[in-house]
Amino acid sequence: MQQFFIQGESGVIETIVDTPKENLHPTITVVICHPHPLFQGTMNNKVITTIAKAFNNLGIEAVRFNYRGVGQSQGEYADGIGELQDTLSVIDDVHQRKPSQQIILAGFSFGGSIAYKAATHYKNSIKSLLTISPAVVNFPLEQQPEPTMPWCLIQGVDDEVVSYATVSDFFIQKTTVDATFIRLNNVGHFFHGQLVKLRKHLEQHYQSEIKSW
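Residues numbered from 1 in each chain as written. Predicted model: local features only at pLDDT ≥ 70, side-chain atom pairs only at ≥ 80, totals over all residues. Heavy atoms only, no water.

1. Structural notes on the packing of helix H2 (residues 81–97) against helix H3 (residues 110–119)
Okay, so step 1: One way to put it is that H2 packs onto H3 with a least axis distance of 9 Å and a crossing angle of 60°. By the angle class used here, H2 and H3 are oblique. Classified by chirality, the crossing of H3 by H2 is right-handed. Across the interface between the two elements, Glu 83, Leu 84, Thr 87, Leu 88 and Ile 91 from H2 touch Phe 110, Ile 114, Lys 117 and Ala 118 from H3.
Okay, so step 2: Here the contact of H2 with H3 is composed, by residue class, of 6 nonpolar, 1 polar and 2 charged. (Axes fitted to C-alpha atoms, helices over the stretch in contact; angles between N-to-C directions. Helix = DSSP H or I, 4+ residues; strand = E, 2+ residues; numbered from the N terminus. Parallel < 35°, antiparallel > 145°, perpendicular 65-115°, else oblique. Left-handed = near helix turned anticlockwise from the far one by under 90°. Contact = heavy atoms within 4.5 Å. Nonpolar A, V, L, I, M, F, W, Y, C, P; charged D, E, K, R; others polar.)

The structure is reproduced here in structure tokens:
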């Protein structure tokens with residue numbers, strides 16, 4: 001694990017790179033967006049670290065970061081607009097350090113909506129989009145352009161924050177691209193007691209997807 005800071009729109013952005021024991025895919029990086037900063041969301045959220053671990057197990061480096069005003073990142077909450085800009089700054093930093101890098105853009109809850117929006121800013125370098133329990137109710141995405149890259153959405157059936165029905169309806173309306181919907185039974189929004197299940201689904205899906213790249 002390596003901590004460093006990059007320059008963002010509102011000051012420095014605290015960033016961590018989780019490096020796998022064996023970097024089997026040196027040209028791939030997953031960038032992970034965390035949950036809502038006003039509700040204790042940070043890059044150390046257990047779902048975020050589970051995503052990082054899953055990709056590390058596949059031999060892929062993971063980049064986690066704190067939005068403005070969270071942890072050691074400078075600035076203050078900006079209603080999703082500033083947090084989107086923070087995400088773009090992190091992606092741009094990956095490209096500056098590794099110009100040919102292919103990026104898997106991931107996000108959980110609020111971060112899932114941010115990742116969905118950020119993906120539309122890049123036509124070629126975002127290789128895959130991953131959204132877990134995306135906050136499609138409080139941060140609607142219906143007016144956003146559809147993703148052009150393969151998209152995986154994971155949703156718990158018993159989600160008490162973002163209803164399964166709402167997310168499912170949203171997904172059905174946005175499936176003109178190569179898309180996968182993973183439905184997890186007996187799973188709530190925060191994946192209490194279900195992180196191993198989540199990690200295994202992530203590893204299985206992306207191990208298969210990456211083989212086709």
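2. What about the pattern of salt bridges?
Okay, so step 1: Scanning the entire structure with this criterion turns up 6 salt bridges.
Okay, so step 2: Among the salt bridges present, the one from Arg 64 reaches Asp 18, with a minimum N-O distance of 2.6 Å. With Arg 64 in strand E4 (residues 61–65) and Asp 18 in strand E2 (residues 11–18), this residue pair connects regions lying 46 residues apart in the sequence.
Okay, so step 3: Relative accessible area serves as the criterion here: at 4%, Arg 64 is assigned to the buried category. (Salt bridge = Lys/Arg side-chain N within 4 Å of Asp/Glu carboxyl O. Buried < 20%, exposed > 50% of the residue type's maximum accessible area, 1.4 Å probe, protein only.)

3. Some details on H2
Residues three or four positions apart in an α-helix share a direction because the helix packs 3.6 residues into each turn.
Okay, so step 1: Between its terminal C-alpha atoms H2 stretches 25 Å, which fits the 24 Å expected from 17 residues at 1.5 Å a residue.
Okay, so step 2: With respect to burial, H2 is a largely interior element, 12 of its 17 residues being buried. (Expected span 1.5 Å × (residues − 1).)

4. Here's the deal with the sheet that holds E2
Hydrogen bonds along the backbone pair up the strands of a sheet, which may run parallel or antiparallel.
Okay, so step 1: Ordered by their spatial adjacency, 8 strands build an open sheet running E1-E2-E4-E3-E5-E6-E7-E8, and the pairing between neighbours is mixed. What marks the edges here is a single partner per strand, and that holds for strand E1 (2–8) and strand E8 (179–184). Along the sheet, successive strands turn relative to each other by an average axial angle of 20°, direction set aside.
Okay, so step 2: Along the sheet, H2 makes contact with E1, E2, strand E3 (28–33), E4, strand E5 (102–108) and strand E6 (126–132), crossing E1 at roughly 110°.
Okay, so step 3: Relative to the sheet, helix H5 (residues 195–211) contacts E3, E5, E6, strand E7 (151–156) and E8, its axis offset from that of E6 by approximately 160°. (Pairing = 2+ DSSP bridges.)

5. Digging into unusual backbone geometry
Okay, so step 1: Even without being glycine, Ser 133 reaches a positive phi, approximately 45°.
Okay, so step 2: Considering the arrangement of structural elements, one finds Ser 133 in the loop between E6 and E7.
Okay, so step 3: Given a relative accessible area of 0%, Ser 133 falls into the buried group.
Okay, so step 4: The residue Phe 191 is not glycine, and still its phi comes out positive at about 55°.

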